[in-house]
Amino acid sequence: MTAILKNVWLRNALLALIVIVLMAIVNTAAHGAFLQPGNIVQVLRQITYNCILGVGQTFVIITAGIDLSIGSLVSLTGVVMALVANSLHIGGLPLLIVTLLAGLAVGAAAGWVNAVPVVKLNLPPFITTFAMLEVTLGLSYIISGGRPVAVTSNAFEGVGFGSFLGNVTHALHLPSIPMPVIWMIVVIVVASVLLNRTRFGRYVFALGGNEEAARLAGVNVGRVKTLVYVISGMCAAVVGFLYMALFSSGSPQTGTGDELLEAIAAVVVGGTSLMGGQGSIVGTFFGALLIGLLYNAMNLIHVDSYLQKVVLGVVILLAVVLDELRKRYLAKA
Amino acid sequence: MRGIGKSFPGVRALSDVTLTLEAGEVLALVGENGAGKSTLMKILAGAQRADAGTILVDGKEARIESPRDAELLGIGMIYQEFNLVPQLTAIDNIVLGNEPTRGGLIDEATARARAKAVVEELGMDLPLDARPAHLSVGAQQLIEIAKALSRKARIIVMDEPTAALTDREIDALFGIIAKLKAGGAGIIYISHRMEELPKIADRVTVLRDGTAIETRPTAQFPPNEIIRAMVGRPLDAHFPELPAVAADAPAMLQVEHLLRAPAVNDVSFTVRSGEIVGLAGLVGAGRSEIVRAIAGADRVQSGVVRVGGEAIALRGPRDAIDAGIAFITEDRKGQGLVLGMSVRENISLAHLAQFLNREHLIDEKRETQTADKMIGDLSIRTPSPEQLVRNLSGGNQQKVVLAKWLLGKARVFLFDEPTRGIDVAAKAEIYALMLNLLKNGAAIVMVSSELPEVLGMSHRILAIRGGRIVREFARAEATPDAVIAAATGAA
């Protein structure tokens, strides 16, 4: 057993086997509906938004911080982008790009404001981003007048519910791949490269592992910290953009539900440590996927929706406990 | 402890170690880093479990599976890194986990009485209402000892208790150890300082590579034989011979009127290429603060630092690094290393720009090659560059810190306690590295609390007191007495 737990490949193989068996059981219970390609794509589509939020959150959490403002930022950036889109007299791709850039700017600015008190005064990010949660939500309601802002242009339909290379997948009798899923994949790839292959990414880990050692090694600690909140804000803006495109409107209520907590859950289930210093983007994706599959499976086999919440909570706890036990086991062996 | 064995992944930490401690004696436990001292003591304290062997207390077999078990058996452990809660007072720390209660509330009066009794019994000079954050390292250690005693510890393990103490504090500590002994306690004393052993230990046990090599009464175990038993081979003179500084060697580091009140007061000195300048002084004299200021780790109020004649900006560590200053910090784990990162990642951390490819991504292959080279050059003992630094011994961790700075184009090296807590053989390797740096024209400033080290490894010595340079000694005139006299203000 020790050998299996120590060998990364064997361990992953074992894990995959368990997952496959569980999925087969669920699939049988759901009379084959669970493992339909269409259903899997549906799950991917559902996790897109929380996964992208989780990706931004992963950067913050690796530095031992947290960003509570992301849900409200989805709301604010969505409303701002809807208003910007309506005020411009252009269409097509230029409108798409300008709108997205406007949203990213708002998200980045909010992230920067989040970071300033954390960097300059060493305040806990829990408080500063909590304050930002309230501020951005309030602003979102103020500028929207409390009502959804309908988008007049139809330039966003392709992003919201278009599919990727639709005629190709159709010709191959494959389920069509929704555009948001492609956005998610792009975000994951870019974020993974940023975190694992760049100097900035290395510094994120160093900062979370030992801030003073990083500072004395010449790392501009303030800048790295600021950037992680900016990235988190921009990820929220991307989600705001995708929701706006999906609903053809920017609503102040979008993003204010379970998004924040499920994004953090995806990060934690994905193996990123809240103590900082370790974590991964791919882990966050699988965390989001696991949660998405779980909900989907429970829906298919008609689990009561209140009970679903209980199960999710237990799974989050279980994931963290198992990970901790595994680490201890390995440390001892 | 009988036939103790313990293995970690890939390492056999202890094999068949047997150790006896009598009541009323001090047993010194010595050995190189990685020899197994800490592991053995952690097993005794219940922090780790042995794979083999038994532990007997008062002749009866004892099951020690947790720190709590050890505590109930009267085993008290004083780790090198203290386990105090900085925000609680000395009293609260002493009774922590054993708070006397009355009706469910903490009984402050009894707690105070209990703490006071222990402190007075040993004649400790310890303000009971102060918080550790405001106390010296020596006083914090007294709190740890009092904490152990308040739990009726009869077996007390001290891991390098004097590593961070001033001479006065060491004398006080030895006085307390003598009283504990007289009271019938048995003490296991781990130390790297050979000169302490005759003063404090009744017997000495040498551990090497996880085995107990030899145990003898201290009087029959001279330091050179202890060292030989530790390293398994005789070691020549403690310090290598310092090459003379060339007559025309240029000034490499010039420090002019550096001020950061209250710890650094108008400090000026020059170090030439190929020269080591040692800063001697008591703990708290401002030695570390001087090198920290030069390294940009702390902001200065005024003053100029020049490297190779050019004044550098002192806004932060990056400025100093870019100017060619390397700062090997006193506190490896707290300031020098990211323990959860690999050897490779730690080595490249300060100079990642060297490893970027055309797309500005980190070239891990090149990074690994460089790490491998450093591991070879400095003989860092690690299974691979991917090993987490957390799992290396102190001496090897220090070499990783050095490797990190050797990657750059540094011409000025600031060593703050370069050999604290590392074993004799690793010390010799660090010294050899310093000489190598000199040969390449570097200038070195070294802070050390070990007077022999300062005297043996410096061309010139600056005595520091109250954040000022009170006297400068050429190597020839620097005798221990004279330097201590200057540093304590007796001269």
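See the structure above.
Residues numbered from 1 in each chain as written. Chains lettered and ligands numbered in written order. Predicted model: local features only at pLDDT ≥ 70, side-chain atom pairs only at ≥ 80, totals over all residues.

Colleague: Describe the overall build of chain B, with residues and values.
Modeller: Secondary structure summary: chain B contains 17 helices and 22 strands in total. Relative to its length of 491 residues, chain B is compact, with a C-alpha radius of gyration of 24 Å against a globular reference of 23 Å. The principal-axis extent of the C-alpha atoms belonging to chain B is close to 70 × 50 × 50 Å. Counting the 491 residues in chain B, one finds 47% classified as buried. Long-range contacts, defined here as pairs at least 24 residues apart, represent 67% of the contacts in chain B between residues at least 6 apart. (Helix = DSSP H or I, 4+ residues; strand = E, 2+ residues; numbered from the N terminus. Rg over C-alpha atoms; globule rule 2.2 N^0.38 Å. Buried ≥ 20, exposed ≤ 12 C-beta atoms within 10 Å, placed from the backbone. Contact = placed C-beta atoms within 7 Å.)

Colleague: Summarise the sheet that holds strand β22 (residues 468–474) of chain B; cite the residues concerned and give the values.
Modeller: All names here are of chain B. Here six strands make up an open sheet; going across it, the order is β18-β19-β20-β15-β21-β22 and the pairing mixed. Every other strand in the sheet has two partners, leaving β18 (325–328) and β22 as the edge strands with one partner each. Sheet twist, expressed as the mean angle between neighbouring strand axes with direction ignored, is 20°. Relative to strand β19 (residues 412–416), β18 runs parallel, the two being bridged by four bridges. Within β19, the residue paired with phenylalanine 327 across the bridge is leucine 414. Strands β15 (276–280), β19 and β20 (443–447) of the sheet are contacted by helix α15 (residues 424–439), whose axis makes an angle of about 150° with β20. (Pairing = 2+ DSSP bridges. Axes fitted to C-alpha atoms, helices over the stretch in contact; angles between N-to-C directions.)

Colleague: Talk me through the packing of helix α5 (residues 92–120) of chain A against helix α6 (residues 125–144) of chain A; I want residue IDs and the actual numbers.
Modeller: All names here are of chain A. Direction vectors running N to C along α5 and α6 enclose 145°, while the axes themselves pass 9 Å from each other. The two elements α5 and α6 meet at a crossing, and its hand is right-handed. Within the contact between the two elements, α5 uses Ala110, Val113, Asn114, Pro117 and Val118 and α6 uses Pro125, Thr128, Thr129, Met132 and Thr136. A breakdown of the residues in the contact of α5 with α6 according to their chemical character gives six nonpolar, four polar and no charged. (Left-handed = near helix turned anticlockwise from the far one by under 90°. Nonpolar A, V, L, I, M, F, W, Y, C, P; charged D, E, K, R; others polar.)

Colleague: Could you give me a rundown of the environment of Leu139(A), with the residues and numbers involved?
Modeller: Residue and element names in this part refer to chain A. Within the element layout of this structure, leucine 139 appears in helix α6. For leucine 139, a count of 18 C-beta atoms within 10 Å gives the class partly exposed. Sequence spacing of leucine 139 and valine 80 is 59 residues, and the spatial spacing of their C-alpha atoms is 10.0 Å.

Colleague: So what's going on with the environment of Tyr229(A)? Residues and values would help.
Modeller: Residues and elements named next belong to chain A. Among the structural elements, tyrosine 229 can be located in helix α12 (residues 221–247). For the pair tyrosine 229 and glutamine 57, spaced 172 residues apart in sequence, the C-alpha to C-alpha distance is 8.3 Å. Once residues within four sequence positions are removed from consideration, tyrosine 229 is found in contact with Val60, Asp67, Gly111, Trp112, Asn114 and Ala115.

Colleague: Mind laying out the packing of helix α3 (residues 37–62) of chain A against helix α14 (residues 281–300) of chain A, listing which residues take part and the relevant values?
Modeller: Residues and elements named next belong to chain A. Where α3 contacts α14, the two axes come as close as 8 Å, and the packing angle between them is 140°. Taken together, the axes of α3 and α14 lie oblique to each other. The two elements α3 and α14 cross, and the hand of that crossing is right-handed. Residue-level inspection shows Asn39, Val43, Gln46, Ile47, Asn50, Cys51, Gly54, Val55 and Thr58 of α3 in contact with α14, the latter providing Ile281, Thr284, Phe285, Gly287, Ala288, Leu289, Gly292, Leu293 and Asn296. (Parallel < 35°, antiparallel > 145°, perpendicular 65-115°, else oblique.)

Colleague: How would you sum up helix α13 (residues 259–269) of chain A? Please name residues and give values.
Modeller: Residues and elements named next belong to chain A. When you tally the buried positions in α13, you get 10 out of 11 residues, the bulk of the element. Among the residues of α13, Glu259, Leu260, Glu262, Ala263, Ile264, Ala265, Ala266, Val267, Val268 and Val269 are the ones counted as buried. One or two positions beyond α13, positive phi appears at glycine 271, with a value near 95°.

Colleague: Hey, could you go over the pairing of β22(B) for me, with residue numbers and the actual values?
Modeller: Note: strand β21 (residues 460–465) of chain B against β22(B), six bridges, orientation antiparallel. By the bridge assignment for β22(B), Leu462(B) is matched with Glu472(B).

Colleague: How would you explain the sheet that holds strand β13 (residues 251–260) of chain B if you had to name every residue and give the values?
Modeller: Residue and element names in this part refer to chain B. The four strands are arranged β14-β13-β16-β17 in an open sheet whose pairing can be described as antiparallel. With partners counted over all chains shown, the strands left at the sheet margins are β14 (264–272) and β17 (310–311), one partner each. As defined by bridge partners, β13 adjoins strand β16 (residues 302–307) across five bridges and the pair is classed as antiparallel. Among the inter-strand pairings, glutamine 254 is bridged to a residue of β16, identified as arginine 306.

Colleague: Any details on the nonpolar core? Residues and values, ideally.
Modeller: Counting residues in hydrophobic clusters, the biggest one holds 162 residues, and the most contacted among them are Ile325(B), Phe413(B), Leu414(B) and Ile444(B). Looking at this core, the element that brings in the most residues is α12(A), giving 19 residues. Grouped together as the second largest cluster of nonpolar side chains are 68 residues, Ala35(B), Leu40(B), Ile43(B) and Val95(B) included. (Core = buried A, V, L, I, M, F, W, Y, C linked by C-beta atoms within 7 Å.)

Colleague: Which residues make up unusual backbone geometry, and what values go with them?
Modeller: The amide bond that connects Ala261(B) to the next residue, Pro262(B), takes the cis arrangement and shows omega of 0°. Within the element layout of this structure, Pro262(B) appears in the loop between β13 and β14. Even without a glycine there, the phi angle at Asn122(A) is positive, about 60°. Along the polypeptide, Asn122(A) turns up in the loop between α5 and α6. Note on Asn122(A): 7 C-beta atoms within 10 Å, which makes it exposed. Positive phi values are uncommon outside glycine, yet Lys152(B) reaches one of about 60°. Take Lys152(B): it is sitting in the loop between α5 (137–150) and β9 (155–159).

Colleague: Quick rundown of the interface of chain B and chain A? Include the residues and the values.
Modeller: Taken together, the 23 residues of chain B in the interface contact 19 residues of chain A. Here the side of chain B that touches chain A is built from residues that sort into 15 nonpolar, six polar and two charged.

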